[in-house]
Amino acid sequence: KAGVTQTPRYLIKTRGQQVTLSCSPISGHRSVSWYQQTPGQGLQFLFEYFSETQRNKGNFPGRFSGRQFSNSRSEMNVSTLELGDSALYLCASEVGQGTETQYFGPGTRLLVL
Amino acid sequence: AQSVTQPDIHITVSEGASLELRCNYSYGATPYLFWYVQSPGQGLQLLLKYFSGDTLVQGIKGFEAEFKRSQSSFNLRKPSVHWSDAAEYFCAVGPGEGTSYDKVIFGPGTSLSVIP
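Remember, predicted model here, so these are calculated numbers, not experimental data.

With 28 residues, the main nonpolar core has Leu19(B), Trp35(B), Leu47(B), Leu48(B), Phe74(B), Leu76(B) and Tyr89(B) as its most contacted residues. The element contributing the most residues to this core is strand β10 (residues 87-94) of chain B, with 4 residues. Val32(A), Tyr49(A), Phe64(A) and Leu110(A) belong to the second largest nonpolar core, which has 21 residues in total.

What follows is the structure, encoded as structure tokens:
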């Protein structure tokens, strides 16, 4: 079974721009969670989607948004980028039936200049 | 409030030595427990997990962890460390059965260095 894939792997943007990151979960997994990882803050939960609905949300500003498609693929969008948004963005998928075992993708490293 | 602590920010061990990484949690009930490893620039790989049953859990790469309910701990161990084990290790807790929480929470991580 293919693992979680994330595209792109690396991204450079400038302040004020917006960015869209993509995540394809493991086949059969219906839940996708997004995390931001920075050296200072560690792993912080952004949001979780299950069956195209946002099931949970972390404490991030409204500039961070996401969605999930009928094939379980998910996208997250960050508008009006700030320097502090530079981070590794990780996507994790799980079956979504309460197993709570998350499988992570390799991440997208975003650099905001 | 739910929280996960990993008291050791950084640990250095010699190759072949034993290893123990500490993890304590506050979750209000018995959660699901996980250990992940992250190599530089990579995503997280699941090492092992505890849902219920035997409190000593075996994982991949020769790792094991023991759940101690009385101490709210889930420490990770390995009897003999290899140079390739150098990485960042994260403990995580997730909502167990009967809990009303719904998020997985990660600890701050412990960075492991291995001396040849």
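What follows is about the sheet that holds strand β7 (residues 64-68) of chain A. All names here are of chain A. What the 4 strands build is an open sheet, ordered β1-β3-β8-β7; its pairing is antiparallel. Every interior strand has two partners, whereas the edge strands, β1 (5-7) and β7, have only one. For this sheet, the mean angle separating the axes of adjacent strands, direction not counted, is 20°. Two strands pair when backbone bridges link them, and β1 and strand β3 (residues 19-24) are joined in this way by 3 bridges, in the antiparallel orientation. If you follow Gln 6 over to β3, its bridge partner there is Cys 23.

Further remarks concern the environment of Gln38(B). Relative to the elements of secondary structure, Gln38(B) occurs in strand β5 (residues 32-38). Of the residues examined, Gln38(B) reaches a relative accessible area of 8% and is grouped as buried. It is 9.3 Å that separates the C-alpha atoms of Gln38(B) and Ala86(B), two residues lying 48 residues apart in sequence. Apart from residues lying up to four places away in sequence, Gln38(B) is in contact with Gln37(A), Leu88(A), Leu90(A), Gly43(B), Leu44(B), Ala87(B), Glu88(B) and Phe90(B). Within polar-contact distance, the side chain of Gln38(B) engages the side chain of Gln37(A) at 2.8 Å.

Turning our attention to the state of the cysteines. Enumeration over the complete set of coordinates arrives at 2 disulfides over all chains. Covalently, Cys23(A) is tied to Cys91(A) through a disulfide, its sulfur atoms 1.7 Å apart. Note on the Cys23(A) and Cys91(A) pair: the S-S dihedral is about -50°, so by sign convention the disulfide is left-handed. Residue Cys23(A) is located in strand β3, and its partner Cys91(A) is located in strand β9 (residues 87-94); the two are separated by 68 residues in the primary sequence. Across the pair, Cys91(A) and Cys23(A) agree in class, each one buried. The side chain of Cys23(B) participates in a disulfide bridge whose partner is Cys91(B); the two sulfur atoms lie 1.9 Å from each other. The sign of the -65° torsion about the S-S bond sets the Cys23(B)-Cys91(B) disulfide as left-handed. A residue pair is termed long-range when its members are at least 10 positions apart, and Cys23(B) in the loop between β3 (19-21) and β4 (24-26) and Cys91(B) in strand β10 qualify at 68 residues. By relative accessible area, Cys23(B) is classed as buried at 0%.

Another aspect to go through is the interface of chain A and chain B. Counting residues at the interface gives 20 residues for chain A, matched by 17 residues for chain B. In total, chain A and chain B occlude about 1500 Å² of area from one another, counting both sides; carbon and sulfur atoms represent 53% of this. Applying the counting rule to chain A against chain B returns 0 salt bridges. Put simply, chain A and chain B have 2 residue pairs in polar contact (both at pLDDT 80 or more) between them. Every element with two or more residues in the side of chain A that touches chain B is listed here: β4 (31-38), β5 (42-50), β6 (53-57), β9 and β10 (103-104) of chain A. Partitioning the side of chain A that touches chain B into residue classes produces 8 nonpolar, 7 polar and 5 charged.

About the criteria used
Residues numbered from 1 in each chain as written. Chains lettered and ligands numbered in written order. Predicted model: local features only at pLDDT ≥ 70, side-chain atom pairs only at ≥ 80, totals over all residues. Heavy atoms only, no water. Core = buried A, V, L, I, M, F, W, Y, C linked by side-chain atoms within 4.5 Å. Buried < 20%, exposed > 50% of the residue type's maximum accessible area, 1.4 Å probe, protein only. Helix = DSSP H or I, 4+ residues; strand = E, 2+ residues; numbered from the N terminus. Pairing = 2+ DSSP bridges. Axes fitted to C-alpha atoms, helices over the stretch in contact; angles between N-to-C directions. Contact = heavy atoms within 4.5 Å. Polar contact = N/O pair within 3.5 Å; in protein donor to acceptor, adjacent residues only side chain to side chain. Disulfide = S-S within 2.5 Å. Buried area = accessible area lost by both parts, 1.4 Å probe. Salt bridge = Lys/Arg side-chain N within 4 Å of Asp/Glu carboxyl O. Nonpolar A, V, L, I, M, F, W, Y, C, P; charged D, E, K, R; others polar.

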